[in-house]
Each structure stands twice: as structure tokens, then as C-alpha cells.
Amino acid sequence: MSETPQRKRVNLALQGGGAHGAFTWGVLDAFLEDGRLDVVAISGTSAGAMNAVAFADGLREGGVRGARSQLERFWKGASVDGTLSEDQRKAIGLALGFWDPFKVRDSWAEALADNFSPYDLNPLDINQLRDVVGREIDFRAVRESDGPKLFIAATNVYTGKVRIFRRPELTIDMLMASACLPTVFKAVEIEGVPYWDGGYMGNPVLFPFFTETDCDDVILIQINPIERRETPHNLRDILSRLDEITFNAPLLQEFRAIDFVARLIEAGRLDSTHYKQIRMHLVASEKLMKFGARSRMDADYDFFRELFAIGRDAGSDFLKTNFDAIGAYATLNLKEQLN
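Residues numbered from 1 in each chain as written. Predicted model: local features only at pLDDT ≥ 70, side-chain atom pairs only at ≥ 80, totals over all residues. Heavy atoms only, no water.

Trainee: Explain the side chain of Thr213 to me, please; I cannot follow it from the model alone.
Mentor: Relative to the assigned elements, Thr213 resides in the loop between helix 9 (207–212) and strand 7 (217–221). For Thr213, a relative accessible area of 8% corresponds to the buried category. A distance of 3.3 Å separates a polar atom in the side chain of Thr213 from the backbone oxygen of Phe209. At 3.3 Å, the side chain of Thr213 and the backbone nitrogen of Cys215 are in polar contact. (Helix = DSSP H or I, 4+ residues; strand = E, 2+ residues; numbered from the N terminus. Buried < 20%, exposed > 50% of the residue type's maximum accessible area, 1.4 Å probe, protein only. Polar contact = N/O pair within 3.5 Å; in protein donor to acceptor, adjacent residues only side chain to side chain.)

Trainee: Whenever I open this one, a nonpolar patch on the surface confuses me. Can you help?
Mentor: On the surface, Trp196, Tyr200 and Met201 cluster together into a nonpolar patch covering about 250 Å² of accessible area. Relative to the helices and strands, Met201 resides in the loop between strand 6 (193–197) and helix 9. (Patch = residues over 30% accessible without salt bridge, like charges linked within 9 Å, V, L, I, M, F, W, Y side chains within 5 Å. Areas by Shrake-Rupley, 256 points an atom, 1.4 Å probe, with all protein chains shown as cover. Salt bridge = Lys/Arg side-chain N within 4 Å of Asp/Glu carboxyl O.)

Trainee: Explain the pairing of strand 6 to me, please; I cannot follow it from the model alone.
Mentor: Across a regular strand the side chains alternate sides, sitting on one face of the sheet and then on the other. Burial within strand 6 is extensive, with 4 of its 5 residues counted as buried. As paired elements, strand 3 (residues 149–156) and strand 6 share 3 bridges and run antiparallel to each other. In the sheet register, Asn156 faces strand 6, and the bridge partner there is Tyr195. As paired elements, strand 5 (residues 188–190) and strand 6 share 3 bridges and run antiparallel to each other. Residue pairing across strands places Glu189 opposite Pro194, the latter belonging to strand 6. (Pairing = 2+ DSSP bridges.)

Trainee: Help me out: how do you make sense of the packing of aromatic side chains in this one?
Mentor: For any pair of aromatic rings, geometry is given as the distance between the ring centres together with the angle between the planes. Counted according to the given criterion, the structure contains 7 aromatic pairs. Seen in terms of ring centroids, Trp25 and Phe308 are 4.3 Å apart; in terms of plane orientation they differ by 40°. Their pairing is tilted. Residue Trp25 is located in helix 1 (residues 21–34), and its partner Phe308 is located in helix 12 (residues 301–322); the two are separated by 283 residues in the primary sequence. Relative accessible area serves as the criterion here: at 1%, Trp25 is assigned to the buried category. Accessibility expressed as a relative area gives 11% for Phe308, which makes it buried. For the pair Phe151 and Phe209, a centre-to-centre distance of 5.9 Å together with 70° between the ring planes defines the contact as edge-to-face. A residue pair is termed long-range when its members are at least 10 positions apart, and Phe151 in strand 3 and Phe209 in helix 9 qualify at 58 residues. Take Phe151: its relative accessible area is 1%, and that puts it in the buried class. Classification of Phe209 by relative accessible area gives buried; the value is 0%. In this structure an aromatic cluster arises from ring pairing among Trp25, Phe74, Trp75, Phe304 and Phe308. Across from the ring centre of Tyr301, 4.3 Å away, lies the NZ or CZ of Lys76, which sits over that ring. (Phe/Tyr/Trp six-rings, centres within 6.5 Å; stacked < 30°, edge-to-face > 60°. Lys NZ or Arg CZ within 6 Å of the ring centre and 35° of its normal.)

Right, here's the structure in full:
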């Protein structure tokens, strides 16, 4: 008679990054198949938010098998396999996540974006990804059911501050706000307030874990490199690196806060009964980091499956190496990340 595997409680932090979010799909699939992680809460931005909600909806509907199937259906639905035009392919790719509005243009159609806003070029605010999300996700059922807490980030256009949308209130507009690229789509209005992509203020946000869950372990699934040991020389690579730095800045600020609190607790200057000593863990892959920024717009299903396979390997490797540490100590050295 086999023993029931030990389960450990974790929070998941899912980065946005366009089509590269298919890597996160692979990591989540490996976690679900393994069966030893009890996900308490998920924070997601942009493509990370899409993964978070698909995960939660599938889990609600059919447990582990349902979550794995729902994630696969979402990424299949968001893909193009040659049946769509080149413009439609680009539209899906753009809708999936961060897009550098200053990149070198490859066609006259893209060049238009240098001089016109989405209010000029897309007055009807057509977003094919919204159709996929509306078809695949039952938002009412997600709101009314139990399961992991959801923290979906968007940026308030008026104030420049982050807004966190939580599971009991979640709508399709809130999810699309988290992935609203201001150079491609009109701002998403919620209760009369316009919102843009959440990645400008958190990719993803971590602070809800500090006060809204009783779990101290956070697994960050990274798809945007913090560090690159090379100096870009051409314009496209320079702007791509600027893009990565910009969207990682809020995350590094939260790393700094976590590290600061941990050092104060260790020095006895803060009471650990009132302050959390967060244990950070990281899932990343050198194979993923080798893909350039422009591949984040590639919505081909074969490419998604390639990233999925890389994510599966990364997720499995993480569990083999770090599972025992969960609940005991951090495996991500924040000092190294910050220095």
C-alpha cells in the first residue's frame, strides 16, 4: 500500500511576458502532476494573470485533471496554427503580454503605431484574446467557488498606482485590464476608472501574500530575466533590455522589502509574530532566457508547446531540488538578486 505523498502549502507568483507565459503553463502542469503542492494563493500579471485564472477555473471544475485540461485549452485557444491571417496572428501575440512600443518596425502596419494610438487604429477596441478568455473561463463560477486566492494586478491610469482584483469580484474586464497594453488597446474602464497592464507596477505583485495568506512560502515563476551578462549594441536589443529592466523594477523593490524585514527579524528588531519572514523560491530556465523579446509575440501553438516542454522540465527539476526546503528555508538568495 503506497503512502500518501506529503503536501506543502505555497503561494504562486506568475510573471507576465507574452507568449513566454506558455513556459509557466508547463511549470504549473508539472506541479499539478506531481501533486505535492497545495496552492493557497496566486498572484498574476498579464499572461501570468491568464494562467492564474485558467488554473483556478479548471481546479474548480475538475480538480487537478480539470486544471491541467483548462490550461491546455486556454493556450490552444490563444494560439494560431496557420488558419489566421498575419495581422490576426500579431493581434493575438500583442494581446498576450508586454510589447515594446519603441521597437524597430518590420512593416508599414507596425510603423503606424509610431504615430497613432489604439484610439485611432483600433477604435472598436477589437481584442481576439478577450474572445478566447470569455469562451474558456466561467467567471461567475470562479467568483462563487472556493479555491486559491487570486491577486490580479492592473495599473490605474489616473493615479499610476497598482490595483489588485481578487477572486470574489473578478470579471473578464478585470482580467483584460491586467493585460491591457496602452499602445495596442484602449484602457479598460472598471467602475469609471481606466486601467492598463499591471506589469508597470508589479510583475507580479507579492505584497498581498504578506497580509492575506497564512503561508510564508512564495514560488516565483520567472519568464523575464532580471540579469543578462551582455551589453546590447543594436537598437532593438537595447530597447528590449530597457523593457526587461522597467518591468522587473517593482519586483526588485518587493525583494528589497522582504530582505529588509527578514534581516530585522533575524537581528531581533522586529517581532516575528507580527511580521512575516517570507521564504522565496524561484523557477526559471536558461533555455527560456535564450529566446529574444520578439518571440513574446509568437502565438504559434508549436512554439507554445516548445515553451511548455521547457517549463515542464523546469518545474520537475525545481521539485526534485527544492521540495524539501519548502516550509523550512528560502532557496532564492535575495541578496544576490539585489547586489
